[in-house]
Amino acid sequence: MAYDKFNILTSSAVPLPIENVDTDQIIPARFLKATERKGFGDNLFRDWRYNSDGSPKEHFVLNNPIYSGKILVGGKNFGSGSSREHAAWAVYDYGFRCVVSSFFADIFRGNCLNVGVLPVQVSAGFLDKIFTAIEADPKTELKIDLSEQTITILATGESESFEINGYKKQNMLNGFDDIDYLLNIKKDIEVFAENTPL
Amino acid sequence: MSKTLFDKVWDSHVVKHIENGPDVLFIDRHLVHEVTSPVAFLGLKNRGIKVLYPERTFATADHNTPTRNQHLPVQDPLSANQLKALEENAAAHSIPYWGLGHEKNGIVHVIGPENGITAPGATIVCGDSHTSTHGAFGAIAFGIGTSEVEMVLSTQCIMQPKPKKMRININGSLSKAVTPKDVALFIISKLTTSGATGYFVEYAGDVFKNMSMEGRMTVCNLSIEMGARGGMIAPDEKTFEYIKGREYTPKGADWDNAMAYWKTLYSDSDAVFDKELTFEASEIEPMITYGTNPGMGMGIKNDIPLAEAVEGGVATYKKSLEYMAFHEGDAMIGKPIDFVFLGSCTNGRIEDFRAFASIIKGRKKAENVTAWLVPGSHRVEEAIKEEGILDILHEAGFELREPGCSACLAMNDDKIPAGKYAVSTSNRNFEGRQGPGARTLLASPLVAAAAAVTGKVTDPRELMEEAFA
Ligand code: SF4
């Protein structure tokens, strides 16, 4: 599925300083019944965000109007748990284009890259600085430059570089997906398949 | 050059290596279920393409299905719609579909091995993270997201960088009442839920060598819970014995050729792993979890650790105990429970039902306990009946349900109510995993059985004196 190109993103951020945020929190299984990729943002963090009667939980950060922006900043080991890409869709559909953490679970990181959400892994120290900066001023802006592979806290100018594999980077910069690539080498795949018995 | 088991299988499936990028990995077999596939099929439709190799693709209904009255139409309209979508997609692309009521229906990771879809040395993927189960046969098997499901449907390949390699060795023999589930929960408690992130794990040593195929599946299944992409065990005579003669395993000359290849599937003696860990079998006790991730487990007789003794954030730890309504320093033994769930692709195989039955035999279900016993497949259900286990269950006051994922992820009606405690043989104790507000204690089928008949957390060893005398 095509997504928007990603180059430079400057935005305030929503802080979620909790560790091991798992995919069952990001999108509970009972919301996985759709057959189309639509409307998942409404149920992002459903059980942390809403009471069982559907009223918003005041204390949850997404319900707090002082926080906004296209960047979600989470605690260590973000996205552990299931392979449901719905978790990445929910993050994207809600309006986030980037998730920052000091550590990501593998499948979630891969899913994000496949749907146009940039996972930015920073050091534990830098993550703390981001949380501190947002706490001091919820309007604090972060600048994420994918070409340069840097993340900067604009208010303080503190910056760190992050890793991304070169192929995925090109895909994100251009808004391409893997299937475009694979369909282009279909001949090679067919030859390989012929030599690979079931 | 010397290679690990993982290298041998991975390298032989690389169609193309992209410089400074991922490998294009050929996938031998692709398992599909109703929840993570509809958007992928929609993608194919939008691109105007067909499934490239339907004969390498298999579909079942399991995540979102009722475990009662499967002969009746599915009540929940959204679930029914998803099942219908899979049935139609399978038909449109000529994929075998084993829907509700089909004799081969069951949880995707249970029916793969049962039907010989799972093979040593194969690459196997599915849009479910516990695909790692199939690694028990010496396959590279892992869970993928829906974009990747679409990739495999359309090109039979995915694009992934090669993970690092870890080996976990456990030697010696396991103590009484220590099952493969306990081995896995023990490892996860040592490594934490992110300790193997970025790695593919090979399990080696006496403990895994001596383990049944069912047990190996349980261990490999839980690899994902320590963050690993997957886990695998080198195939041996037990493996070959298990798969021989199953529907999709090779026959005749093909079998001989395959065997010649399979026998090369082990880590060379001088192969190098990026990380290697070793534990002693005697360290492992029957385990139970007390928190909200599978790494928060301990020997059943221990007390819940104090916040200061755990690694990682104290706030996160406290939040987790608060959710469970447990306190630091509490004993787990004797805690009252409300539900027992025996099932899932972790512990929903025949061996698990045998273990459960061995404890409840001649006893009665505790009155305060609601028990959901859900076989992993129709084949398992059949075996339960044939072996007389159903009678033992009935005599003890239990009922058997129909196969499916059920309360493992609680997408269907099998939801543990808010605030209730469930001893579960499944794989995740995340907040709300088994229903909004549900509190899950992960454990083996033996611990689940002991809880089911006593109504509280009980050391199964106390109930198994005779059996082991
Ligand atoms: S039983 Fe649970 S883990 Fe296994 S396939 Fe079903 S939902 Fe996934």
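The coordinates are above.
Residues numbered from 1 in each chain as written. Chains lettered and ligands numbered in written order. Predicted model: local features only at pLDDT ≥ 70, side-chain atom pairs only at ≥ 80, totals over all residues. Heavy atoms only, no water.

Around the ligand, a shell composed of H63(B), I107(B), H109(B), D128(B), H130(B), S344(B), C345(B), C405(B), C408(B), L409(B), N427(B) and R433(B) is seen. Among the residues forming the shell around the ligand, the class breakdown is five nonpolar, five polar and two charged. (Near = heavy atom within 4 Å. Nonpolar A, V, L, I, M, F, W, Y, C, P; charged D, E, K, R; others polar.)

Okay, the sheet that holds strand β18 (residues 439-442) of chain B next. Residues and elements named next belong to chain B. Taken in spatial order, the four strands of this open sheet run β16-β15-β17-β18, and their pairing is parallel. The sheet terminates laterally at β16 (370-373) and β18, the two strands that pair on one side only. If you compare each strand with its neighbour and ignore which way they point, the axes differ by 20° on average. Across three bridges, strand β15 (residues 339-342) lies against strand β17 (residues 421-424) in parallel orientation. Bridge assignment links F339 to a residue of β17, and that residue is A422. Contacts between helix α13 (residues 350-360) and the sheet are confined to β15 and β16, with β15 contributing the most and set at about 140° to the helix. Along the sheet, helix α16 (residues 445-454) makes contact with β15 and β17, crossing β15 at roughly 150°. (Pairing = 2+ DSSP bridges. Helix = DSSP H or I, 4+ residues; strand = E, 2+ residues; numbered from the N terminus. Axes fitted to C-alpha atoms, helices over the stretch in contact; angles between N-to-C directions. Contact = heavy atoms within 4.5 Å.)

Here the focus is the sheet that holds strand β8 (residues 157-160) of chain B. All names here are of chain B. In spatial order, the strands read β1-β2-β8; together these three strands make up an open sheet with antiparallel pairing. What marks the edges here is a single partner per strand, and that holds for β1 (14-17) and β8. Pairwise comparison of adjacent strand axes, ignoring direction, gives a mean angle of 20° for this sheet. In terms of strand pairing, β1 meets strand β2 (residues 23-26) through three bridges, oriented antiparallel.

At the interface, 54 residues of chain A touch 67 residues of chain B. Across the contact surface, chain A and chain B share four salt bridges. Residue D177(A) pairs with R47(B) through a salt bridge whose shortest N-O separation is 2.8 Å. On inspection of chain A and its partner chain B, the count reaches 23 residue pairs in polar contact (both at pLDDT 80 or more). Of all the elements in the fold, those that place two or more residues in the side of chain A that touches chain B are α1 (23-26), α2 (46-49), α3 (86-94), α4 (106-115), α6 (166-174), α7 (178-184) and α8 (186-194) of chain A. (Salt bridge = Lys/Arg side-chain N within 4 Å of Asp/Glu carboxyl O. Polar contact = N/O pair within 3.5 Å; in protein donor to acceptor, adjacent residues only side chain to side chain.)

Angle between the axes and distance between the axes: these two values describe a pair of packed helices. All names here are of chain B. One can describe the packing of helix α6 (residues 180-191) onto helix α8 (residues 213-221) by two numbers: an axis separation of 8 Å at closest approach and a directional angle of 20°. On the basis of their axis angle, the class for α6 and α8 is roughly parallel. At the point where α6 passes α8, the crossing takes the right-handed sense. When α6 is examined against α8, the residues P180, K181 and A184 are found in contact with a partner set consisting of G215, T218 and V219. (Parallel < 35°, antiparallel > 145°, perpendicular 65-115°, else oblique. Left-handed = near helix turned anticlockwise from the far one by under 90°.)

Non-glycine residue Q149(A) carries a positive phi angle of around 60°. Along the chain, Q149(A) falls in the loop between β5 (141-145) and β6 (150-153). Given a relative accessible area of 18%, Q149(A) falls into the buried group. One non-glycine residue, S344(B), lies in the positive phi region at around 85°. Secondary-structure assignment places S344(B) in helix α12 (residues 344-347). (Buried < 20%, exposed > 50% of the residue type's maximum accessible area, 1.4 Å probe, protein only.)

Residue and element names in this part refer to chain A. Here five bridges tie strand β1 (residues 8-16) to β5, and the two strands are oriented antiparallel to one another. The partner of S12 across the bridge, within β5, is E141. Pairing geometry for β5 and β6, over four bridges, is antiparallel. Across the sheet, the residue bridging to I144 is I151, located in β6.

Bringing the pattern of salt bridges into the picture now. Residues and elements named next belong to chain B. Counted under the stated rule, the structure contains 32 salt bridges over all chains. Measuring nitrogen to oxygen at the nearest pair gives 3.0 Å for the salt bridge that ties E150 to R47. Of this pair, E150 sits in helix α5 (residues 146-155) while R47 sits in helix α2 (residues 38-47), and the two are 103 residues apart along the sequence. Taking the relative accessible area as the measure of exposure, R47 reaches 26% and is therefore partly exposed.

Time to look at the packing of aromatic side chains. Summed over the entire model, instances satisfying the criterion amount to 23 aromatic pairs over all chains. Each ring, one from Y167(A) and one from Y181(A), has its centre 5.6 Å from the other, and the planes form 80°; the classification is edge-to-face. Of this pair, Y167(A) sits in helix α6 while Y181(A) sits in helix α7; the two residues are 14 residues apart in sequence, bridging distant segments of the chain. A residue is classified by how much of its surface remains accessible, and Y167(A), at 9% relative accessible area, is buried. When the centroid spacing of 5.5 Å and the interplanar angle of 35° are considered together, the rings of F6(B) and W10(B) count as tilted. Taken together, the residues span about one helical turn, with F6(B) and W10(B) both in helix α1 (residues 5-11) at a distance of four residues. With respect to class, F6(B) is no different from W10(B); both count as buried. Positioned over the ring face of Y266(B) is K8(B), at 4.1 Å from the centre of the ring. Above the plane of the ring of Y242(B) lies R246(B), whose end atom (NZ or CZ) is 4.0 Å from the centre. (Phe/Tyr/Trp six-rings, centres within 6.5 Å; stacked < 30°, edge-to-face > 60°. Lys NZ or Arg CZ within 6 Å of the ring centre and 35° of its normal.)

Looking now at helix α10 (residues 252-262) of chain B. Three- or four-residue spacings in an α-helix give side chains the same orientation, since the helix completes a turn every 3.6 residues. Residue and element names in this part refer to chain B. Looking at α10, one finds that the buried residues are W255, A258, M259 and W262. The buried side chains of α10 occupy one side of the element, clustering within an arc of 105° when seen end-on. Of the exposed residues in α10, the ones pointing more than 90 degrees away from its buried face are A253, D256, N257 and A260. Here the buried face of α10 lies against α9 (237-243). (Arc of directions from axis to C-beta.)

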